[in-house]
Amino acid sequence: MLQQVMTAPGKIEFREIETPVPKAGEVLIRIMKIGVCGSDIHVWHGKHPFTSYPVTQGHEVSGEIAALGAGVESLEVGQKVTIQPQVVCGKCYPCRHGKYNLCETLKVMGFQTTGVASEYFAVDAAKVTPLPQEMSFDEGAMIEPLAVAVHAVRKFGDMQGMRVAVLGAGPIGILVAQAAKGMGAESVLITDISDLRLEKARQCGVDFCVNTREADFGEALVSSFGPDKADVIYDCAGNNVTMGQAIRCARKGSTIILVAVFAGMAEVDLAVLNDHELDLNTTMMYRNEDYLEAIELVRAGKVDLKPLISKHFAFRDYAEAYRYIDENRETTMKVIIDVQA
């Protein structure tokens with residue numbers, strides 16, 4: 001079979017290797033689609049702090065089961081599936097208490113261990129999540145980022161009737177906005193400085209879409225939700241400007257949740273955070289229940305993934321896909337790699 005390998009930043013090779021045979025408890029998956037994420041781009045540029053080379057990438061994935069290893073009875077050949085890419089120890093305190101997304105020795109496929117960018121991939125059956133047969137492989141490859149959004153929404157708690165603000169209308173921001181609405185939020189505001197990204201958010205049903213180059217975030221909160229503003233603000237941009245906006249404009253006693261990863265040390269006004277008794281929380285990846293909820297939101301038509309797909313590339317055009325993203329950062333949402341011709 002063919003396997004992608006990034007041998008160094010900006011250098012991708014394809015190697016012919018033996019198709020794996022699933023061991024006991026494993027599943028062999030015929031990989032269909034792979035989504036490209038921002039972290040993959042960091043690896044491409046040699047700027048991911050926790051990835052060394054060579055590395056086979058790919059962690060947003062859909063496929064179909066090609067073979068079952070001995071003892072696997074809960075899955076079937078031909079079934080559509082996705083994969084949860086975390087590799088955890090199962091023994092540390094977070095793992096023992098159900099928070100394996102915070103494993104002390106967490107590895108992620110495509111970064112610290114082999115990713116799915118190959119024609120076939122053998123994986124522990126416990127990491128395989130079935131998809132509805134009517135779900136497209138494109139949508140299946142986007143369940144992983146949607147699970148990130150679902151986990152972030154769950155971090156707040158009961159979303160029923162809440163008013164939600166999202167800073168940053170990239171793929172994760174729009175998915176957080178959709179997930180919040182799908183999980184019961186009364187209304188959602190999203191902000192960005194790109195009209196194209198905000199138009200994508202409108203296509204996905206977000207209630208209020210505001211360009212903060214043209215409007216003040218605090219005023220947008222009031223015009224969208226009234227004087228009580230938002231119950232929770234999600235920072236999906238992850239920079240000093242957006243976190244500063246959130247702290248400055250949040251309703252006193254409300255909640256801010258950081259979803260994005262800061263590129264460097266943050267400079268934020270902790271005095272205002274303290275004086276306004278704001279809850280500043282964070283969120284990290286996902287767990288199985290988030291995958292299941294993500295799949296149900298798509299199945300029920302509460303989240304629309306299709307408007308977020310910008311372009312497809314053939315498997316052997318992996319490097320071209322990265323170059324395209326670099327050259328079209330402002331207009332690109334989600335790029336999909338078609339592994340099977």
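Residues numbered from 1 in each chain as written. Predicted model: local features only at pLDDT ≥ 70, side-chain atom pairs only at ≥ 80, totals over all residues. Heavy atoms only, no water.

Draft legend 1. A look at the overall build of the protein. Each helix and strand counted, the protein has eleven helices and 17 strands in total. What you see for the protein is a C-alpha radius of gyration of 20 Å, in line with the 20 Å of a compact globule of 341 residues. Considering only C-alpha atoms, the protein reaches an extent of 60 × 40 × 35 Å along its principal axes. Residue burial in the protein is summarised as follows: out of 341 residues, 54% are buried. Considering only contacts in the protein between residues 6 or more positions apart, those separated by 24 or more positions represent 69%. (Helix = DSSP H or I, 4+ residues; strand = E, 2+ residues; numbered from the N terminus. Rg over C-alpha atoms; globule rule 2.2 N^0.38 Å. Buried < 20%, exposed > 50% of the residue type's maximum accessible area, 1.4 Å probe, protein only. Contact = heavy atoms within 4.5 Å.)

Draft legend 2. Structural view of the packing of aromatic side chains. This structure, assessed with the given rule, holds seven aromatic pairs. Seen in terms of ring centroids, Phe14 and Phe315 are 5.2 Å apart; in terms of plane orientation they differ by 80°. Their pairing is edge-to-face. Of this pair, Phe14 sits in strand β2 (residues 11-16) while Phe315 sits in the loop between β16 (309-314) and α11 (318-327), and the two are 301 residues apart along the sequence. Classification of Phe315 as buried rests on a relative accessible area of 5%. With a centroid separation of 6.0 Å and an interplanar angle of 85°, the aromatic rings of Phe208 and Phe225 are classed as edge-to-face. Of this pair, Phe208 sits in strand β12 (residues 208-211) while Phe225 sits in helix α7 (residues 217-225), and the two are 17 residues apart along the sequence. Assessed through its relative accessible area of 29%, Phe208 is described here as partly exposed. With a relative accessible area of 10%, Phe225 lands in the buried category. By the ring-pair criterion, three or more aromatic residues cluster together here, those being Phe14, Trp44, Phe315, Tyr318 and Tyr322. A cation over a ring is seen here: Lys80 above Phe137, with NZ or CZ 4.7 Å from the ring centre. (Phe/Tyr/Trp six-rings, centres within 6.5 Å; stacked < 30°, edge-to-face > 60°. Lys NZ or Arg CZ within 6 Å of the ring centre and 35° of its normal.)

Draft legend 3. Broad picture of α11. Every buried residue belonging to α11 is among Tyr318, Ala319, Ala321, Tyr322 and Ile325, and all of these are buried. The buried residues of α11 occupy an angular sector of 160° when projected down its axis, which confines them to one face. Structurally, α11 contributes buried residues whose contacts are with β1 (2-8), β2, β3 (26-36), α1 (38-44), β16 and β17 (334-338). (Arc of directions from axis to C-beta.)

Draft legend 4. Just the pairing of strand β10 (residues 163-167), in detail. Within β10, five of the five residues are buried, leaving the element largely enclosed by the surrounding structure. Crossover β10 to strand β11 (residues 187-192) through helix α5 (residues 171-182) is right-handed. Bridging between β10 and strand β13 (residues 232-235) involves four bridges; their strand directions are parallel. Counterpart to Leu167 in the pairing with β13 is Asp235. (Right-handed = clockwise from strand over helix to strand, strands pointing away. Pairing = 2+ DSSP bridges.)

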